[in-house]
Each structure stands twice: as C-alpha cells, then as structure tokens.
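Examination of the molecular architecture
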Amino acid sequence: MESNHTYATTDKAVFVDQDNVLQRKTSKNKGLAGDDNPSDADDLLEAMGYQSELVRSRSTLQVAFMSFVLASIPYGLATTMFYPLIGGGPVNVIWGWVVVSIIILCVAVSLGEITSVYPTAGGVYYQTFMLAPHWCRKITSWICGWAYVAGNITITLSVNFGTTLFFIASINVFESEPGVGIFQAEVYQIFLVFLGITILCNLISALGNKWLPWLDTFAIFWTFAGVIAIIICTLALAKEGRRSANFVFTHFEPTSGWVPGWSFCVGLLQAAYATSSTGMIISMCEEVQHPSTQVPKAMVGTIILNFICGLLFLLPLLFVLPDLAMLVGLASGQPTPTILVSAVGSQGGAFGLLIPLLVLAIFCGVGCTTAASRATWAFSRDGAIPGSALWRQVNKKLDVPLNAMMLSMVIQIVLGVIYFGSTAAFNAFSGVGVICLTVSYAVPIAVSLLGGRSHLRHGKFDMGILGLVCNVISLAWSALAVPLFCMPSYLPVAAETMNYASVVFVAFFVIAAGWYFVWGRKHYTGPPVHDDAAIERRLSTAGHPHQF
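What counts, and at which threshold
Residues numbered from 1 in each chain as written. Predicted model: local features only at pLDDT ≥ 70, side-chain atom pairs only at ≥ 80, totals over all residues. Heavy atoms only, no water. Helix = DSSP H or I, 4+ residues; strand = E, 2+ residues; numbered from the N terminus. Buried < 20%, exposed > 50% of the residue type's maximum accessible area, 1.4 Å probe, protein only. Contact = heavy atoms within 4.5 Å. Areas by Shrake-Rupley, 256 points an atom, 1.4 Å probe, with all protein chains shown as cover. Polar contact = N/O pair within 3.5 Å; in protein donor to acceptor, adjacent residues only side chain to side chain. Phe/Tyr/Trp six-rings, centres within 6.5 Å; stacked < 30°, edge-to-face > 60°. Core = buried A, V, L, I, M, F, W, Y, C linked by side-chain atoms within 4.5 Å. Salt bridge = Lys/Arg side-chain N within 4 Å of Asp/Glu carboxyl O. Axes fitted to C-alpha atoms, helices over the stretch in contact; angles between N-to-C directions. Parallel < 35°, antiparallel > 145°, perpendicular 65-115°, else oblique. Left-handed = near helix turned anticlockwise from the far one by under 90°. Nonpolar A, V, L, I, M, F, W, Y, C, P; charged D, E, K, R; others polar. Expected span 1.5 Å × (residues − 1). Bend = angle between axes of the 7 residues up to and from the residue. Patch = residues over 30% accessible without salt bridge, like charges linked within 9 Å, V, L, I, M, F, W, Y side chains within 5 Å. pLDDT = per-residue confidence, 0-100.

Attention now moves to the overall build of the protein chain. Within the protein chain, the regular secondary structure consists of 23 helices and two strands. Across the 548 residues in the protein chain, those meeting the buried criterion constitute 60%. Counting only contacts in the protein chain whose residues sit at least 6 apart along the sequence, the fraction spanning at least 24 positions is 83%. Carbon and sulfur atoms make up 68% of the accessible area of the protein chain, which amounts to about 19500 Å² in all.

Before going further, it helps to spend a moment on the side chain of Asn209. The topology assignment puts Asn209 in the loop between helix 9 (187-207) and helix 10 (212-237). Accessibility expressed as a relative area gives 8% for Asn209, which makes it buried. Separated by 3.4 Å, the side chain of Asn209 and the backbone oxygen of Asp399 make a polar contact. With residues near it in sequence (within four places) discarded, Asn209 still touches Ile204, Glu287, Arg374, Leu398, Asp399 and Val400.

What follows covers the packing of aromatic side chains. Under the criterion given, the structure shown has 23 aromatic pairs. Aromatic pair Trp142 and Trp146: ring centres 6.4 Å apart, planes at 35°, arrangement tilted. A residue pair is termed a helical-turn pair when its members lie 3 or 4 positions apart in one helix, as Trp142 and Trp146 do in helix 8 (residues 137-171) at four residues. Take Trp146: its relative accessible area is 9%, and that puts it in the buried class. On the numbers, 6.2 Å between centres and 65° between planes, the contact of Trp477 with Phe485 is edge-to-face. By relative accessible area, which is 5% here, Trp477 ends up buried.

As a further point, take the nonpolar core. In this structure, Trp477 and Phe485 are the most contacted members of the largest nonpolar core, which totals 148 residues. Sorting elements by how many residues they give to this core places helix 8 first, with 15 residues. Excluding its chain neighbours within four sequence positions, the residues that come into contact with Phe485 are Cys265, Val266, Leu268, Leu269, Ala272, Gly431, Val434, Ile435, Trp477, Asn499 and Ala501. Within the second largest apolar cluster, six residues are counted, among which are Leu54, Ala378, Val394 and Ala404.

The next subject is the pattern of salt bridges. All told, the structure shown has four salt bridges when counted by the stated rule. Of the charged contacts, one joins Arg381 and Glu286 as a salt bridge, the two residues approaching to 2.8 Å between their closest N and O atoms. Placement of the pair is Arg381 in helix 17 (residues 347-381) and Glu286 in the loop between helix 13 (269-275) and helix 14 (291-319), with a sequence separation of 95 residues. Arg381 gets classed as buried once you look at its relative accessible area, which sits at 0%. Under the relative-accessibility criterion, Glu286 is labelled buried at 2%.

As a further point, take the packing of helix 8 against helix 19 (residues 402-416). The contact between helix 8 and helix 19 brings their axes to 9 Å, and the two run at 60°. Relative to helix 19, the element helix 8 is oriented oblique. Crossing of helix 8 against helix 19: the hand is right-handed. Counted together, Ile153, Thr154, Thr156, Leu157, Asn160 and Phe161 of helix 8 and Ser408, Ile411, Gln412, Leu415 and Gly416 of helix 19 form the full contact between these two elements.

Looking now at the packing of helix 6 (residues 90-115) against helix 14. Where helix 6 contacts helix 14, the two axes come as close as 8 Å, and the packing angle between them is 175°. Comparing the axis directions of helix 6 and helix 14 gives the class roughly antiparallel. Of the residues in the contact of helix 6 with helix 14, the class split is 21 nonpolar, five polar and no charged.

This brings us to helix 22 (residues 501-523). Compared with the 33 Å implied by 1.5 Å per residue over 23 residues, the 31 Å span of helix 22 between its first and last C-alpha is a close match. Roughly 55° is the biggest bend found in helix 22, and it falls at Tyr516. Of the residues making up helix 22, those classed as buried are Ala501, Val504, Phe505, Phe508, Ala512, Tyr516, Trp519 and Gly520.

Residues Leu491 and Pro492 are joined by a peptide bond in cis, for which omega reads -5°. Considering the arrangement of structural elements, one finds Pro492 in the loop between helix 21 (464-484) and helix 22. With a phi close to 45°, Ser72 is a non-glycine residue in the positive phi region. With respect to the helices and strands, Ser72 occurs in the loop between helix 3 (60-71) and helix 4 (73-79). The residue Arg453 is not glycine, and still its phi comes out positive at about 60°. Mapped onto the elements of the fold, Arg453 is located in the loop between helix 20 (425-450) and helix 21. Under the relative-accessibility criterion, Arg453 is labelled buried at 12%.

Of note, Ala298 is situated in helix 14. In this structure Ala298 comes out as buried when scored by relative accessible area, which is 2%. Taking the C-alpha atoms as reference, Ala298 lies 7.8 Å from Leu61; in sequence the two are 237 residues apart. Filtering out sequence-adjacent residues up to four positions away, Ala298 remains in contact with Val63, Ala64 and Ser67.

All right, on to the side chain of His455 then. Mapped onto the elements, His455 comes out in the loop between helix 20 and helix 21. At 3.3 Å, the side chain of His455 and the side chain of Ser448 are in polar contact. If we ignore the near neighbours within four places in the chain, the residues touching His455 are Ile114, Val117, Leu131 and Ser448.

Moving on: a nonpolar patch on the surface. Together, Ile465, Leu466, Leu468, Val469, Val472 and Ile473 give the surface a local cluster of nonpolar side chains, amounting to about 500 Å² of exposed area. When you line up the elements, Val472 lands in helix 21.

Take the environment of Gly329 next. Note on placement: Gly329 falls in the loop between helix 15 (324-328) and helix 16 (335-344). We classify Gly329 as exposed; its relative accessible area is 58%. Residues Gly329 and Phe82 lie 247 residues apart in sequence; the distance between their C-alpha atoms is 9.4 Å.

Another aspect to go through is the confidence of the model for the protein chain. On average, residues of the protein chain carry a pLDDT of 86, and 89% of them reach 70 or more. This model gives residues 1-36 a pLDDT under 50, and the stretch forms 109 contacts once residues within four places in sequence are excluded. Across residues 535-548, where pLDDT falls below 50, the model places 34 contacts with residues more than four positions away in sequence or in other chains.

Take a look at the structure:
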C-alpha cells in the first residue's frame, strides 16, 4: 500500500507531506482536534504521520459500550472479591469501590483531555512523545509505550485467567459431598481451561471483528439483566438472613495480617483491577468515527455507568454475606459463587445466577484481546517492538492486526505457565496489569501538567481548573498504586502465595530497557511526525475548542 510517509524506524525517516495536509485542514477551518466526519479523522491521522488502515465503524454509543465491556464491572468485581474481604470486609468492599471510582474518574478526565488533541491508536505513548521535552521525549515515550503494551497484555491475561478460576468455582457450587465440589481441578487442568478460554477470545476477536460493536451493545443489556436477577433473587430469598445496614457500611474486619490501614489499601486491588481498563479504549481511536470527541466522552461516561453498576452488584451481596472467615478461607479464592449459594439456598439456582457473569467474562476477554492487539500493533508501527515489521501488518481480509494479536496471545500463554509454580499467579497477573497501565496513564498526564497544559486549548475536552485538579489526584494515585499492588494480599507469605507482580513488572522493563540500548537508542525516532515547526503550524489552524 502506497503512503506519503514511512514509519520512523531509522534516523532518516521521511515525514508526512505536512503542507498538503495543512492545506486540506485549513480549507475546512479545522485544527488538530477537528474530526467532524470520518474523513476529517483520517486527515487528522495523516497529519500525525499515519495512514488510515482500519475501518472507522464505531459510533459514540458503540465506543462507550466497548469501554463498558472492557471493564465488565460485575465480572471484574466478582472474580476479585477475595481481596477486599480479607483486606477489611464490607467497608473495604463498598468504600474502596467509591474511593477508587472517584480517583479513576479523575484519570479518565485527564486522559480524555489529552486524547481529544492526539486521538491515535498509539494512545498514551504517542501523547507522551508529543508532550515531553525534546531531551527526554524518546526514552519517556519508549517507557510509556512498553508499560502500555505490557499492561494491555497482562490485564487481558488476568481477565482470561480470572475467568478460568471463576468458571471452576462456579462448577463447584455443585458438591459431591458437603464442602467438596464436583470438579477438583489439578493445576494442569486449570491451565488447559485457561488455554481454551484464551484461544476462544482470540478467535472471536479475529474472525468476528465486524460484529464486535453489536456484541458490545448486547453485553450492556445482558449485564444489567444479570445484575437485576442477582439483586432480586439474593435479597428476596436470603436463605441465611440479611445483614444490617450498619454491618454493610461500617463493619471493618481486616484479616490479611497487615496493619489495618495498609490492609484496607491492599484490598483496593478489587476496585483498581475492575477499573484499570479506563485508558485501553484509546487504542481504538483509529476505528472510531469521531475520536477527538467520542473517545473522551466514552471514557468519562463509562466510569459513571460503571460506578452505578458496581454499587448495584455489590450491595445485595454484602447484605446476604455469610461468615467472613469461611469466605476468605476458601481454597478457590472465589467467594462470589459461595455467597450466591448461601443466599438462594440452591446449587442450581446459584449456578443460574452465575451464568450472566460467565458470559460477561467472555465478552470482557474478547474486548481486552481486541484492545491489546491494537496497542501492540500501534507500538510496532514505530519500530519499538522486536520484529516490528511482522507485528505492524494488518490482515486486510479480516481487517485486524492479526500478527500483533497472535503475539499478544502467545505472551499470555507463556506467562500463564507461572501458575504451575504459584497458586497466587492470578494476583500477580492482575497486579502487574494494574501497575503497568497505571504507569502508562501517569506519564502523559505528568508531562502535560509539567508543560502547563497549554496544548489542551486546541482540544475539544478542556476541563479547565477541574482538569488540573484531576491531574494532581491521578498522579497521587499512581504514586500509591505502583508499590501497593506489588504487595502480597496477606501475611505470612510463602513461595506459593507470594505476589510475583513485581517480578513480572521488572521482567517487562528489563526487556524494554535491553531492546532500547541494543537497538532503540540509535534507531528509534518515535512517531513519524515530530517536527515542532510543522506541529505548531497545524495547531495554529485549530478552531475554537469545545468544552465538555
């Protein structure tokens, strides 16, 4: 396919024909953030140095729906219920969800502001390069890009692995004898189930790409139907009685072994994990009709929707919560199926209520697989991943970056082998996914803030002083989250229960640093277009920003 640029993999990269692009943009009285129709979005993408290779088929609602599916709040909260229960009980569950939702709303606002100016599948990596000072833009964007790609891949891994554990726990609501489930899976059997789920999600994402927006739409109605069924059945039946409001909102019982305050913080992993996908939707910018406005609005709107859905899901479970010590002592590490069995008094009834969550888990896996493939593909376009010439290819028949998707899948499967050595592998996968994504979100927010946020005047999502406050809160959360989610969930720690998130996190960055010093330092130049004079000319043609 012919193009008027080459990807920036050498120091002699040829930049896009900027003057022609500028002339087209000026004639339409649009600026860098102007994309009032899909062709404008393609012109904008070309101005940033890339040729449009993917079909822009998603509307505003479909973008919001995909963002919702990436989080899949009831599923995400259900699979990680163990962490706040051991961290502090009901208080940790409810107030942890409220606190983290407010923080993540600040992150969404901060990323939305920047994305309205630079809407590309490169997402936070591209934004970091454009916003960082000249002397450090290469290494800063390199670190951010690797963190973003690693976060996308490991959070997808954690979703599929969490689905595996939740599926087995759901089957085991049926007992062969009291306290003994019918499927006492061996480690290799758990890995094989994980393998099957991972392959299934990749097949759906690759072969059904044109139907994914409709799948996301269906998932919205499916989710709320499932949540309503859980609310009605658990509260109406409540076979073992109902807890008081005082218990639900004020009972704090840390059993993790950490000091109470830190135990509460470690329990925040549930809420952080469920909302960690906030910025992953940026990778879909090049498949969205109006990315400068649709993607920021989808990110912010979805957080509000997620918050409401999360409360509707969590509150009924806490009102029928059985013995806390029994729940945190479950060998499966999955309390939600046990809570439902206790509430409805029927194994078959509980399994029926779990079906919507299991189906939603597959939807979530497909959405994360799709986003991870786009992030990997976009970073490969600029030669930042070994073998990038292969990973940046787009399969024209399927209209997906198939090679990048397969690379992501293979990495997930290889990392999944960790489970053979540690039963706390899911904790590591979810922890490192949250850490990497948090770092990747923090970097562009930090460089934007340090640069005085001056670039936002050209966007359509400038939140003014509120945006500044959101930036500060986002960075403070990032500083806490990175060390926090490297910690084991409970004490004392043994080799098989250790949280290996820090090990996986360091491994990714050793690979990233090694590749940078072997190849990137000399050859990597960042995105195709980074000529400051040309960027200033394009920015000067920007129309009036529209605040949201």
